[in-house]
Amino acid sequence: MNLEATQEEENQATLFVKASSLLSGNEAPEIYRGSAPFPDIKSLLNNFLGNERTEKVLDRYARLNNIDWSVSPTADSRVISYAERLLSEAIGPASAKIMISSVVQREELSRSEVLGILEESQKVLRLNRELSTRSEELRKATEDLRQANYKLQELTELKDEFLYTVTHELRTPLTAIRTQSELVHDDPEMPEEDRQRFIGNMVQDCERLTRLISNVLDLEKFESGSQKLSLNRVDLGQLIEDTVTQFQALAAKKGHSLRCEISAPLTATYADEDRIAQVLHNLIGNALKHARHDNGAVWITAYRLDQDLKVNIHDNGNGIPLSDRELVFDKFYQVRNQTRRKPSGSGLGLAISKNIIQMHKGKIWIEDNPGGGAKISFTLPLYLQEAQMKNSKPHIDA
Ligand code: ADP
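Residues numbered from 1 in each chain as written. Predicted model: local features only at pLDDT ≥ 70, side-chain atom pairs only at ≥ 80, totals over all residues. Heavy atoms only, no water.

K.L.:
For this particular structure, what's the right way to read the overall build of the chain?
P.N.:
Of the regular secondary structure elements, the chain holds twelve helices and nine strands. A buried classification covers 38% of the 398 residues belonging to the chain. At a minimum sequence separation of 6, the contacts of the chain that also span at least 24 residues come to 71%. Accessible surface computed for the chain: about 23900 Å², of which carbon and sulfur atoms make up 52%. (Helix = DSSP H or I, 4+ residues; strand = E, 2+ residues; numbered from the N terminus. Buried < 20%, exposed > 50% of the residue type's maximum accessible area, 1.4 Å probe, protein only. Contact = heavy atoms within 4.5 Å. Areas by Shrake-Rupley, 256 points an atom, 1.4 Å probe, with all protein chains shown as cover.)

Written out as structure tokens, the structure is:
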């Protein structure tokens, strides 16, 4: 640190000490202002504005006011005011005044001027504090906005991808149906066996199309809130048993075992029977699809847990990776997943199931299954009254 700076610091310190003692009314004013050596003013400006800007502003001032600094080594009060203004812009008015005071040749500063300086310093300090609070708020708002924008962009991309995949999924079976129907149409001599095979394929493709379209429409209705539940008292134990019975033929065809254990008695509750059946169909269908190929097994357990019915659908397949446990319920994720792996199915079943369970004020999740295989669980409140279920809306993830 050079001597000049130390001197300036000393002057500043003195100024503050004097100012505070003035405030307490103990001492006579000893602070001065008046003319100042031009080099001092210049070096002050150099310190805060930089050499280049200082040269520029002083040149301009000299030109406008017809001053030649080399023959006027003393800065008069006008030059001092000008320098003070320039400094104010850089370091605030109070500090500028103090810095200027440190180089002026002494002339007494009035007590009210000192009070003014102190008030101004406090004001600048307050403003600085406010400014930094505002800057922090602004920084946070900008960050929130950036996040929201990012999310919006991501959703738009996912929506595009969803539309693309749905369209693609529609086009594949449609093309297959068209090709096969043309083959059958153009070849009256086609062997009966081939004809039957093509027609069988076309029926399957039509079923796939119908399934996809009704799933997309279902999901849209749930998510827009236009889907209403048709509530009745439902014997859920019976519903599970009936659904399992419906799947026995498919399980047998695949060579899988399918059984269910229901701890009796399960109280009947208000629910939309068709919709809960849709959830069971989806979950049991998935379990049969993903169970081991040889010795595949699917089992369902249902019991009361406090005020809820808890249903678990287990299978002995590869299970669902931990990282996908939330995501498999997201229609967009599923579709994205589907584009990669192309499993059979619409990829919308779990998203629809989640909407249905949530409309019934229940929960659905993938449970840890140390034994391997997937274990999907859901709960339904058993003692809800009809009125409590009305106005149920599915939960839509932001
Ligand atoms: P999909 O029509 O593809 O079965 P779902 O929404 O029912 O659509 O399931 C979404 C995805 O979750 C499936 O594509 C599959 O990757 C995974 N999944 C669902 N159930 C199981 C299960 N029991 N075992 C392993 N993976 C499963």
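K.L.:
What is the right way to look at the nonpolar core in this model?
P.N.:
Inside soluble globular proteins, nonpolar side chains tend to come together where they are buried. Ile276, Ile300 and Phe378 are the most contacted members of the largest nonpolar core, which has 49 residues in total. Per-element accounting of this core gives the leading share, eight residues, to helix H9 (residues 273–290). Excluding residues that lie within four positions of it along the chain, Phe378 makes contacts with Val279, Leu280, Leu283, Leu309, Lys310, Val311, Ile313, Ile357, Lys363, Ile364 and Trp365. One finds Leu58, Ile100, Val103 and Val104 within the second-largest nonpolar core, a separate group that totals 23 residues. (Core = buried A, V, L, I, M, F, W, Y, C linked by side-chain atoms within 4.5 Å.)

K.L.:
Just to check I follow, could you spell out the pattern of salt bridges for this structure?
P.N.:
Think of it this way: side chains of opposite charge can pair up when their charged atoms draw near. This structure, assessed with the given rule, holds 15 salt bridges. Between Glu55 and Lys42 there is a salt bridge whose closest N-O contact spans 3.1 Å. Here Glu55, found in helix H3 (residues 51–65), pairs with Lys42, found in helix H2 (residues 38–49); they are 13 residues apart in sequence, far enough to count as distant. Residue Glu55 is classed as partly exposed on the basis of its relative accessible area, which comes to 37%. Judged by relative accessible area, which is 24%, Lys42 ranks as partly exposed. A salt bridge links Arg259 to Glu261; its shortest N-O distance comes to 3.6 Å. Taken together, the shared-partner salt bridges in this structure form one network comprising Lys310, Glu367 and Lys375. (Salt bridge = Lys/Arg side-chain N within 4 Å of Asp/Glu carboxyl O.)

K.L.:
Just to check I follow, could you spell out helix H4 (residues 77–91) for this structure?
P.N.:
Counting along an α-helix, one turn takes 3.6 residues, and residues three or four places apart therefore face a common direction. With 15 residues, H4 extends 20 Å from end C-alpha to end C-alpha; this agrees with the ideal 21 Å at 1.5 Å per step. Looking only at H4, the buried set comprises Val79, Ile80, Tyr82, Ala83, Glu84, Leu86 and Leu87. As for H4, its buried residues are in contact with strand S1 (36–37), H2, H3, strand S2 (74–75) and helix H5 (93–103). Where H4 starts, the residue carrying a side-chain oxygen 3.1 Å from the main-chain nitrogen of Arg78 turns out to be Asp76. (Expected span 1.5 Å × (residues − 1). Polar contact = N/O pair within 3.5 Å; in protein donor to acceptor, adjacent residues only side chain to side chain.)

K.L.:
What is the right way to look at the pairing of strand S7 (residues 308–315) in this model?
P.N.:
Put simply, side chains in a regular strand alternate between the two faces of the sheet. Taken across its eight residues, S7 has seven buried, putting it largely inside the fold. Sheet topology note: the strand S6 (residues 297–305)/S7 ladder contains eight bridges and is antiparallel. By the bridge assignment, Trp299 is partnered in S7 with His314. Between the antiparallel neighbours S6 and S7 lie two residues, among them Asp306 with a positive phi of about 55 degrees. Sheet analysis places S7 next to strand S9 (residues 375–381), joined by seven bridges and oriented antiparallel. Following the sheet pairing, Val311 is matched in S9 by Phe378. (Pairing = 2+ DSSP bridges.)

K.L.:
In this structure, what is going on with the environment of Ser121? I would like to understand it.
P.N.:
As for its position among the elements, Ser121 is in helix H6 (residues 111–186). Ser121 sits in the buried class, given a relative accessible area of 15%. Residues Ser121 and Ser95, spaced 26 residues apart in sequence, show a C-alpha to C-alpha distance of 7.1 Å.

K.L.:
I tried to follow a positive patch on the surface on my own but got confused; where do I start?
P.N.:
Taken together, the side chains of Arg211, Lys253, Lys254 and Lys289 present a region of like positive charge at the surface. Tracing the chain through its elements places Lys253 in helix H8 (residues 236–254). (Patch = residues over 30% accessible without salt bridge, like charges linked within 9 Å, V, L, I, M, F, W, Y side chains within 5 Å. Lys, Arg positive; Asp, Glu negative; His and termini not counted. Charge placed at Lys NZ, Arg CZ, Asp CG, Glu CD.)

K.L.:
Which parts of the structure should I look at to understand the side chain of Gln227?
P.N.:
Assignment of secondary structure puts Gln227 in the loop between helix H7 (192–224) and strand S3 (232–234). In contact with Gln227, not counting residues within four places along its chain, are Lys221, Phe222, Arg275 and Met359.

This is a description of form; function is not addressed.
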